[in-house]
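Observations on the model geometry
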Amino acid sequence: MTLIAPRWKRSGALVAALSMSVAVGAGHAKAPEWPVQQLEAAPIPAPVDRGFAGVIELDVDATDVDRMLFNVRLRLPVQQPGTVTLLYPRWETSSHGPSLTVTDLAGLVVSVDGQPLRWRRDPVEPHAFHLDIPAGARTIEAKYQVVAGADVLAPDLVVVPWQRLVVYPAGWYARNLPVRASVALPPGLQAVSALDAAAGQGGVVVLPDTPLETLLDSPLYAARHITQVALDFPGAEAASFDLMAARASDLAIPPGQMAALQRLLDETAAVFGPPPFRRYRFLARMEDDAANGGSEHRSSSELSLPTGYFSDWASQLNGRDIIAHELVHAWNGLYRVPADLWTPTPNSPQGGSLLWAYEGQSEFWARILAARAGLRNHQETLDQLALDAVLVSARPGRTWRSLSDDVNYPAFMLRKPVPWQDWQRRKDYYPEGVMLWLAVDARLRELSEGAKGIDDFARAFFAGAAADAPARTYTFDSLCDALESIVPGDWSTYLRGWIDGHGEFDTLAGLRQHGWALAYAETPTATFRQHEAEEGITDLSYSLGLKVNGNGVVRAVSWEGPAFQARLAPGSRILEVHGEPFSNARLAAWTTSRGRGVVCPRPARTPSQQCGRRAAVC
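Reading guide: rules and limits
Residues numbered from 1 in each chain as written. Predicted model: local features only at pLDDT ≥ 70, side-chain atom pairs only at ≥ 80, totals over all residues. Heavy atoms only, no water. Helix = DSSP H or I, 4+ residues; strand = E, 2+ residues; numbered from the N terminus. Buried < 20%, exposed > 50% of the residue type's maximum accessible area, 1.4 Å probe, protein only. Contact = heavy atoms within 4.5 Å. Areas by Shrake-Rupley, 256 points an atom, 1.4 Å probe, with all protein chains shown as cover. Lys, Arg positive; Asp, Glu negative; His and termini not counted. Charge placed at Lys NZ, Arg CZ, Asp CG, Glu CD. Salt bridge = Lys/Arg side-chain N within 4 Å of Asp/Glu carboxyl O. Pairing = 2+ DSSP bridges. Axes fitted to C-alpha atoms, helices over the stretch in contact; angles between N-to-C directions. Phe/Tyr/Trp six-rings, centres within 6.5 Å; stacked < 30°, edge-to-face > 60°. Lys NZ or Arg CZ within 6 Å of the ring centre and 35° of its normal. Core = buried A, V, L, I, M, F, W, Y, C linked by side-chain atoms within 4.5 Å. Arc of directions from axis to C-beta. Polar contact = N/O pair within 3.5 Å; in protein donor to acceptor, adjacent residues only side chain to side chain. Parallel < 35°, antiparallel > 145°, perpendicular 65-115°, else oblique. Left-handed = near helix turned anticlockwise from the far one by under 90°. Nonpolar A, V, L, I, M, F, W, Y, C, P; charged D, E, K, R; others polar. Right-handed = clockwise from strand over helix to strand, strands pointing away. pLDDT = per-residue confidence, 0-100.

**Regarding the overall build of the protein**
When its secondary structure is counted, the protein shows 16 helices and 39 strands. The dimensions of the protein, computed from C-alpha atoms along their principal axes, are 85 × 80 × 60 Å. Out of the 618 residues in the protein, the part that is buried amounts to 53%. Contacts spanning at least 24 positions in sequence make up 68% of the contacts within the protein whose residues lie at least 6 apart. Looking at the protein as shown, the accessible area adds up to about 27300 Å², and 53% of this sits on carbon and sulfur atoms. Between the mean site of the 57 positive side-chain charges and the mean site of the 67 negative ones, the protein shows a separation of 5 Å.

**So, the pattern of salt bridges**
Under the definition given, this model contains 35 salt bridges. With a closest N to O distance of 2.9 Å, Asp428 and Arg395 form a salt bridge. Taken together, the positions of Asp428 in the loop between helix H8 (421-424) and helix H9 (431-447) and Arg395 in the loop between helix H5 (378-393) and helix H6 (403-406) put the pair 33 residues apart, joining distant regions of the chain. Each member of the pair, Asp428 as well as Arg395, carries the same accessibility label: buried.

**A closer look at the sheet that holds strand E19 (residues 190-193)**
Strand order in the open sheet made by the 4 strands is E15-E16-E23-E19, with antiparallel pairing throughout. Lying at the two open borders of the sheet, with one neighbouring strand each, are strand E15 (153-154) and E19.

**Description of the sheet that holds strand E28 (residues 300-306)**
Spatially, the 5 strands line up as an open sheet ordered E24-E25-E26-E28-E27, and their pairing is mixed. Of all strands in the sheet, those bounded by a partner on one side alone are strand E24 (226-231) and strand E27 (293-296). This sheet shows a mean twist of 15 degrees between the axes of neighbouring strands, independent of strand direction. As paired strands, E24 and strand E25 (residues 238-245) are joined by 6 bridges and run antiparallel to one another.

**Some thoughts on the packing of aromatic side chains**
Under the definition given, this model contains 32 aromatic pairs. Ring plane angle 90 degrees and centroid distance 5.0 Å describe the contact between Tyr309 and Phe310, whose orientation is recorded as edge-to-face. Exposure remark for Tyr309: the relative accessible area of 1% places this residue in the buried category. Between Trp400 and Trp423, the aromatic rings sit 6.4 Å apart at their centres with planes inclined by 50 degrees, giving tilted as the arrangement. Taken together, the residues span a long stretch of sequence, with Trp400 in the loop between H5 and H6 and Trp423 in helix H8 at a distance of 23 residues. In this structure Trp400 comes out as partly exposed when scored by relative accessible area, which is 47%. The buried category is assigned to Trp423, whose relative accessible area is 18%. Between Arg443 and the ring centre of Trp491, over which it is positioned, the NZ or CZ distance is 4.6 Å. Here the basic side chain of Arg443 rests over the ring of Tyr494, its NZ or CZ set 4.5 Å away from the ring centre.

**Quick notes on the nonpolar core**
Judged by nonpolar contacts, the single largest core of 98 residues is most densely connected at Phe241, Phe310, Trp356, Trp437, Val440 and Phe457. Ignoring sequence-local partners within four residues, the contact set of Phe241 consists of Thr227, Gln228, Val229, Leu231, Ile253, Leu261, Phe282, Ala284, Leu303, Leu305, Phe310 and Ile323. Membership of the second largest hydrophobic core comes to 65 residues, among which are Phe70, Tyr168, Ala222 and Ile226.

**Remarks on helix H12 (residues 491-499)**
Of the positions making up H12, those classed as buried are Trp491, Tyr494, Leu495, Trp498 and Ile499. End-on view of H12: buried residues confined to an arc of 120 degrees, all on one side of the axis. Where H12 is buried, its residues meet helix H4 (355-372), H6, H9 and helix H11 (476-486).

**Here's the deal with the side chain of Arg367**
Within the secondary structure, Arg367 sits in helix H4. Taking the relative accessible area as the measure of exposure, Arg367 reaches 6% and is therefore buried. Polar contacts involving the side chain of Arg367 include one to the side chain of Asp388, which spans 2.8 Å. Those residues in contact with Arg367 that lie beyond four places of it in its chain are Asp321, Arg376, Gln384, Asp388 and Val434.

**Let's talk about the packing of helix H2 (residues 255-272) against H4**
Look at H2 against H4: their axes get within 9 Å of each other, and the N-to-C directions meet at 125 degrees. The pairing of H2 with H4 is recorded here as oblique in orientation. The two elements H2 and H4 meet at a crossing, and its hand is right-handed. Mapping the contact onto sequence places Leu264, Glu267, Thr268, Val271 and Phe272 in H2 and Trp365, Leu369 and Arg372 in H4. Residue classes in the contact of H2 with H4 are distributed as 5 nonpolar, 1 polar and 2 charged.

**Quick notes on the pairing of strand E26 (residues 279-287)**
In terms of burial, E26 is largely enclosed, as 7 of its 9 residues are buried. Pairing analysis gives 8 bridges linking E25 to E26, with the strands arranged parallel. The partner of Leu243 across the bridge, within E26, is Ala284. With respect to chirality, the unit in which E25 leads through H2 into the neighbouring parallel E26 is left-handed. Bridge count for E26 against E28 is 7 bridges, and the pairing is parallel.

**What about the confidence of the model for the protein?**
Where the model shows low pLDDT, its predicted coordinates should not be examined in detail. Of the residues in the protein, 91% reach a pLDDT of 70 or more, and the chain-wide mean stands at 90. Ignoring residues within four places in sequence, the model shows residues 1-24, a span with pLDDT below 50, making 27 contacts including any to other chains. Counting interchain partners and residues more than four positions distant, the pLDDT-below-50 stretch residues 594-613 has 51 contacts.

**Observations regarding the side chain of Glu359**
In this structure, Glu359 sits in helix H4. Buried and unpaired, Glu359 has no salt bridge, with Lys427 as the nearest side chain of opposite charge at 8.3 Å. Of note is the side chain of Glu359, whose polar atom sits 2.7 Å from the side chain of His96. Reaching out from Glu359, the side chain makes a polar contact with the side chain of Tyr430 at a distance of 3.2 Å. Setting aside its immediate chain neighbours within four residues, Glu359 contacts Ser94, His96, Glu296, His325, His329, Tyr429 and Tyr430.

Now the structure itself:
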């Protein structure tokens, strides 16, 4: 037995190792065995654009609202014997990221022609289940539960999110998989969907045979208290606003708001032209603690609204364009789709390089259409633009992280805490997109001497929409080509300068070109006050450099601002203000009395700004 102490360089450092070898014969030694990974993962078939024989039957029992469980049965015609892989969806269109989790699926039992069949979860992709199908088999049946919450399963409101309830065979495009779906609902609930839902026996709602791609894009809602208001969309067969609430008394929509919604549809049609849907449904749920939110679909939108959305209209300044935003997505996102965001299945990864066009442009149009429809008046529109502008211009994180990187948010930051948001950046492609497309409009007008604007671009770029028209993908180059066709202007260089730029790029250029300037004042606008109320904070980002709630807990600290320099961090708690017990009113009053003419500390690489407490466009 011989002891050997070799030395060798690894990563620039001398590493000594002691190994033991056993002499075998004369002068022969056994080489050391280095570890080698052995991971047996079956291949998952890639999606292929091909036909599928038969129809997938998907039966959902949504009656177990007490335990908040969906019970699902799926029947799948066998295409051929051998290995079959079933997939549970991972990616959602509206989140642009891997937001779905197979953790919610439980109790999976599989059989073939009535005989039990074992399944194997893929060790690398946990959303994949492998089956070995014997020769001569005809039908695969899977039964399982999906764990839900009160947000989708409640006695008075059921939401059927198909993307969380289905498994499907790998190897096909979702548009090639026909599905016959049905839902058993609790008694007394009325179902609404963009699909032609028909009432069956025993409270079961039956949907027509539908491609999986369309089914995933067509959520079904069922409510005990619901009002349906017919609207008219030029070029479509029908449109409706389906309002659901826990209390029937919350369902009243004043005539003035309904008239404004109708004007919104008219203004949208005037901008984008023929619709990419046969009919459109606004599926709106009202809840006591809800904030304004939504999810887009080609023939419908899901809206979450506070119960006072219509009855207390004056308090909804910041949420008056959520309906417009989701409607615009029917054209921008569902009919015209960024090429790297479009995917053949809900398990294919998405790219987000054009989210500043997908989400940012939709947010821009939401601001414009809300104003044109009278959902906001002139000053309220300027006040909302001020919130966008101040957030974008005060983002020091742009000095290291460009807009072209911020669009990667869904891939790695989805539902992750971001305590230093103005430095880390998170979904800034929404407000920065507003500023970007405002600048695009200003530049179109400037280059054409007022003859062309953003409306001309929209009519051309989104042309060709029809209910049966397939989605059309676009790239950065095709977006630039469309702008060049309206007014030549080397749009590729211009847009690249914006999305790849850092602190040197002027994000308020469009605002100024339209004749407006961002200013700071001590007196908050009503829009700013509502922004504070919705976040549950006092926003002193532009003076002390922090946001604080009513208990003195600091919710956000502006990077390198005064609070940052005082070594405060998110989660800190303010106990006193100049020797007096903390209160928001005391802190705000002290800030106002000390804040006139103060120059906010900013990083040395960005220009300083004169500021008070609140932002306004003047």
